[in-house]
Amino acid sequence: MSATEQHTTKTRVAVITLFPDMFSALTGSGVSRRAHENGLVELKLINPRDFADNAYQSVDDRPYGGGPGMLMQAEPLALAVDAALDWLHCERDQASVIYLSPQGRQLDQRGVAELHKRKHLVFVCGRYEGVDERFIEACVDEEWSIGDYVLSGGELPAMVVLDALIRKIPGALGDAQSAQQDSFEEGLLDCPHYTRPEKVFGERVPEVLLSGDHKRIRRWRLQQALKRTYERRPELLNGLDLSKEQVELLEIVKNTRGDLS
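Note that this is a predicted model, so its numbers are computed, not measured. (Residues numbered from 1 in each chain as written. Predicted model: local features only at pLDDT ≥ 70, side-chain atom pairs only at ≥ 80, totals over all residues. Heavy atoms only, no water.)

### Concerning the overall build of the protein chain
Secondary structure assignment for the protein chain yields ten helices and nine strands. For the protein chain, the spread of C-alpha atoms along the three principal axes comes to 70 × 50 × 40 Å. A total of 261 residues make up the protein chain; the buried ones form 40% of that total. The contacts in the protein chain between residues at least 6 apart in sequence include a share of 74% that link residues at least 24 apart. Accessible surface computed for the protein chain: about 15500 Å², of which carbon and sulfur atoms make up 48%. (Helix = DSSP H or I, 4+ residues; strand = E, 2+ residues; numbered from the N terminus. Buried < 20%, exposed > 50% of the residue type's maximum accessible area, 1.4 Å probe, protein only. Contact = heavy atoms within 4.5 Å. Areas by Shrake-Rupley, 256 points an atom, 1.4 Å probe, with all protein chains shown as cover.)

### Overview of the environment of aspartate 148
Here aspartate 148 is to be found in the loop between β7 (142–145) and α7 (155–166). When the C-alpha positions of aspartate 148 and serine 101 are compared, they lie 9.7 Å apart, and in sequence the two are 47 residues distant.

### Structural notes on the packing of helix α9 (residues 214–232) against helix α10 (residues 244–256)
Their axes nearest at 9 Å, the elements α9 and α10 cross at an angle of 60°. Between α9 and α10, the angle falls in the class oblique. Pair α9 / α10 crosses with right-handed handedness. Residues Arg218, Arg219, Leu222, Gln223, Leu226, Lys227 and Tyr230 of α9 lie in contact with α10, whose contacting residues are Glu245, Gln246, Glu248, Leu249, Leu250, Val253 and Lys254. Tallied by class, residues from the contact of α9 with α10 come to six nonpolar, two polar and six charged. (Axes fitted to C-alpha atoms, helices over the stretch in contact; angles between N-to-C directions. Parallel < 35°, antiparallel > 145°, perpendicular 65-115°, else oblique. Left-handed = near helix turned anticlockwise from the far one by under 90°. Nonpolar A, V, L, I, M, F, W, Y, C, P; charged D, E, K, R; others polar.)

### Here we look at the nonpolar core
Core analysis: the largest hydrophobic core is formed by 28 residues, its most contacted members being Leu115, Phe123, Leu162 and Ile166. Within the residue set of this core, elements represented by two or more residues are β1 (11–16), α3 (30–37), β2 (41–46), β5 (96–106), α5 (109–116), β6 (121–125) and α7. The biggest single contributor to this core is α7, with seven residues. Excluding its chain neighbours within four sequence positions, the residues that come into contact with isoleucine 166 are Leu26, Val31, Ser32, Ala35, Val41 and Ala172. If you look at the next biggest cluster of nonpolar residues, it comprises 26 residues, including Ile46, Leu77, Leu85 and Val97. (Core = buried A, V, L, I, M, F, W, Y, C linked by side-chain atoms within 4.5 Å.)

### Thoughts on the state of the cysteines
With the rule as written, the count across this model stands at zero disulfides. With no disulfide of its own, cysteine 90 has cysteine 139 as its nearest cysteine by sulfur position, at a separation of 13 Å. (Disulfide = S-S within 2.5 Å.)

### Notes on α7
Taking 1.5 Å per residue, twelve residues should reach 16 Å; α7 reaches 16 Å between its end C-alpha atoms and fits that length. Burial within α7 is extensive, with nine of its twelve residues counted as buried. All of the buried residues in α7 are Glu155, Pro157, Ala158, Met159, Val161, Leu162, Ala164, Leu165 and Ile166. (Expected span 1.5 Å × (residues − 1).)

### A closer look at the side chain of threonine 17
You can see threonine 17 is positioned in the loop between β1 and α2 (24–27). Side-chain polar atoms of threonine 17 contact the side chain of glutamate 155, separated by 2.6 Å. Here threonine 17 is in contact with Phe23, Ile46, Asn47, Pro48, Cys125 and Glu155, once residues within four sequence places are set aside. (Polar contact = N/O pair within 3.5 Å; in protein donor to acceptor, adjacent residues only side chain to side chain.)

### A short note on unusual backbone geometry
For residues besides glycine, phi is generally negative; the peptide bonds are generally trans as well. Cis peptide bonds are those with omega within 30 degrees of zero, and the linkage from arginine 196 to proline 197 qualifies with 5°. With respect to the helices and strands, the residue proline 197 is situated in the loop between α8 (176–180) and β8 (199–200). Here the phi dihedral of histidine 89 falls at roughly 55°; this positive angle occurs in a residue that is not glycine. Assignment of secondary structure puts histidine 89 in the loop between α4 (74–88) and β5.

Okay, structure coming up:
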């Protein structure tokens, strides 16, 4: 890939966080590290403390009305968003400012695909008991969640979203088919996979995978994906427009629960 091609395909994401060092886990390991080192993705980590108006760089205060904990203040966060937009070279209406929150839309593979299409992304990581609601109303476009539970801050959810997005960047994975075969990529759970040796714990690799018949293997894998989805996450099938082949294989699963020979 030429330098020009790398530049045009680079994904640039700004992250507003009080703990930028946490993101070294993303840029220093695995697929996301390679994508970062190869110039496929660039992260700008912006600390709202840099925009505090006091000598202590404090960006939190007690909530009005009382209650436990502290809240992040609106103004330093808003200035951090402005800095993110400057770095992205875009106007406010051209960016998606996303606040990671348990109250947001729950992330799934369809959501990852939607976010992947966005050109300018800014992730805001909250801390403490949350952020001043006026910041959300004035600056946040969407709230996203990675599940119905509470974490200490938005950094881990942001890294989860970023890792899922990076996997979809062309060239990020060594084999482009790896992403296509991931669970949920086609709305189904992934099929089971096997590697050497041929026999482990008294169990052999399914014969079909040793056959060399690629058409038969593809059909077996599709059937296994449907089987797992039907048995483990049947609700996922409700929203899918299944092909004729998928309907046929799903009927085999429902009627026999057996493997396709």
